[in-house]
Amino acid sequence: MSEAVAAEQRPIRPETADDTGAIDLINMSAFAGDAEARLVDELRKTPAYVPELSLVAEDGGRVAGHLMLFRSTLTGEGNEQTILTLAPTAVVPSRTHRGLGTALVREGVERARQMGFSAIVEVGFPAFYQRLGFRPITEHGLHHDLPVAADFATALEITEGALAGGGRLDYPAPFRAFYRRPVEA
Ligand SMILES: CC(C)(COP(=O)(O)OP(=O)(O)OC[C@H]1O[C@@H](n2cnc3c(N)ncnc32)[C@H](O)[C@@H]1OP(=O)(O)O)[C@@H](O)C(=O)NCCC(=O)NCCS
């Protein structure tokens, strides 16, 4: 099967209201729990939600992957800008290792670029995102007060120099709460 045909059969598009049940199931099965599915539900209720950047990937006519990019704030020296945070990315376990996760991230970055966003931050899964050009936030002089190891967050400049000077990252309340929730046994 050629790449072009493969991409055609696995379209990536913004979520619709009809997708929310499938997105819940994707996140619950990928993360083996409901914390990420609840995070997505909570983020949809905030001004940080960007409907055009909550993307689903179809595979064989079914929704098999999901990625959400939402607004966050970067406060640098004397300036504040709205950037994006990426979380979570999920692919149903039966469809992993077939390029869906990578395609979702690439499409998310491209759509974010077209919408004029200048940078994306990701928290929690550096190995996967570094393959796609994300670098530890510390290399950009960025910091946040989430209780995660410094090298656990990575960032990607969409516009060259967008993160120059670094600064403080602030996330919407559901995302902060996600990292402060009691760890389930
Ligand atoms: C991570 C995830 C989104 C990847 O989706 P995918 O469709 O399998 O991704 P792709 O097929 O595009 O890429 C797979 C490649 O990513 C890399 N990769 C996948 N999981 C990885 C991990 N845990 N650590 C490092 N690299 C990883 C590997 O290089 C892999 O290549 P391979 O298939 O040759 O082994 C998917 O496995 C998933 O939903 N995992 C559970 C949820 C999760 O951890 N999400 C990411 C944090 S938000």
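Scoring rules and cut-offs
- Within any chain, residue numbers begin from 1 and follow the written order of that chain's sequence.
- Totals for whole chains, interfaces and linings use every residue, but because this is a predicted model, local features are given only for residues with pLDDT of at least 70 and side-chain atom pairs only at 80 or more, for both listing and counting.
- For each residue, a C-beta position is placed from the backbone atoms; the residue is near a molecule or strand when that point lies within 6 Å of it.
- Runs of E in the DSSP output that reach at least two residues are strands. Runs of H or I that reach at least four are helices, and both are numbered from the N terminus.
- Gly is put with the polar residues, along with every residue not named as nonpolar or charged; the nonpolar set is Ala, Val, Leu, Ile, Met, Phe, Trp, Tyr, Cys and Pro, and the charged set is Asp, Glu, Lys and Arg.
- UniProt positions are given in the numbering used here, feature names are shortened, and annotations may be inferred rather than shown by experiment.
- For helices, the fitted axis covers only the stretch in contact; all axes are lines through C-alpha atoms, and the angles between them, taken along N-to-C directions, range from 0 to 180 degrees.
- Contact criterion: two residues are in contact if their C-beta atoms, reconstructed from the backbone, are within 7 Å.
- Counting other C-beta atoms within 10 Å of its own, a residue is labelled buried from 20 upward, exposed at 12 or fewer, and partly exposed in the gap between, with every C-beta atom placed from the backbone.
- Strand pairing is assigned whenever DSSP identifies at least 2 bridges connecting the two strands.
- In these notes, a nonpolar core means any group of buried Ala, Val, Leu, Ile, Met, Phe, Trp, Tyr and Cys residues linked to one another through C-beta atoms within 7 Å.

Labelled according to an unreviewed UniProt entry, the chain appears under the name Putative acetyltransferase, originating from Thiohalospira halophila DSM 15071.

(A) Quick peek at the site of the ligand. In the neighbourhood of the ligand, 19 residues make up the surrounding shell, with Thr96, His97, Gly101, Thr102 and Ala127 lying closest. Of all the secondary structure elements, the ones that give two or more residues to the shell around the ligand are α2 (20-31), β4 (79-91), α4 (100-114) and α5 (126-130). Here the shell around the ligand gets five residues from one element, more than from any other, and that element is β4. Of the residues contributing to the shell around the ligand, the split by class is 10 nonpolar, seven polar and two charged.

(B) Fine view of the UniProt feature "domain: N-acetyltransferase" (unreviewed entry) in the chain. Here the UniProt feature "domain: N-acetyltransferase" (unreviewed entry) sits at residues 10-153. Between the C-alpha atoms that bound residues 10-153 there is a distance of 29 Å. The span itself is 29% helix and 36% strand.

(C) Inspection of the packing of α2 against helix α3 (residues 35-44) at higher detail. One can describe the packing of α2 onto α3 by two numbers: an axis separation of 7 Å at closest approach and a directional angle of 145°. Note on element contacts: α3 touches α2 through Ala35, Glu36, Ala37 and Val40, opposite Ile23, Asp24, Asn27, Met28 and Phe31. Class assignment for the residues of the contact of α2 with α3 results in six nonpolar, one polar and two charged.

(D) Quick look at the environment of Glu139. Along the polypeptide, Glu139 turns up in the loop between β6 (135-136) and β7 (142-143). Overall, the presence of 12 C-beta atoms within 10 Å leaves Glu139 in the exposed class. For the pair formed by Glu139 and Asp151, sequence separation is 12 residues and the distance between their alpha carbons is 9.4 Å.

(E) Inspection of the pairing of strand β8 (residues 153-157) at higher detail. Among the five residues that make up β8, four are buried, leaving the element largely enclosed by the rest of the structure. Summarising the sheet, β6 and β8 pair through two bridges and their orientation is antiparallel. Looking at β8, one finds that Pro136 is bridged to Thr154.

(F) Region of interest: the nonpolar core. Core analysis: the largest hydrophobic core is formed by 49 residues, its most contacted members being Leu69, Leu84, Ala112, Ile120, Val121 and Ala155. Beyond its immediate sequence surroundings of up to four residues, Ile120 is in contact with Leu69, Ile83, Leu84, Leu86, Val109, Ala112, Ala155, Leu156 and Ile158.

(G) Summary view of the pairing of strand β3 (residues 62-76). Direction of pairing for strand β2 (residues 49-59) relative to β3: antiparallel, over a ladder of seven bridges. The residue bridging Glu58 from the neighbouring strand is Val63, located in β3. The antiparallel pairing of β2 with β3 creates a hairpin that spans two residues between the two strands, and Gly60 there sits at a positive phi of about 60°. Where β3 and β4 come together, 11 bridges link them in antiparallel fashion. Of the residues in β4, the one forming a bridge with Gly76 is Asn79. Following β3, the chain reverses through two residues before pairing antiparallel with β4; Gly78 in that reversal takes a positive phi of roughly 75°. Judged from the three bridges that link them, β3 and strand β9 (residues 167-170) form a sheet pairing that is antiparallel. Across the sheet, Thr73 pairs through a bridge with Asp170, a residue of β9.

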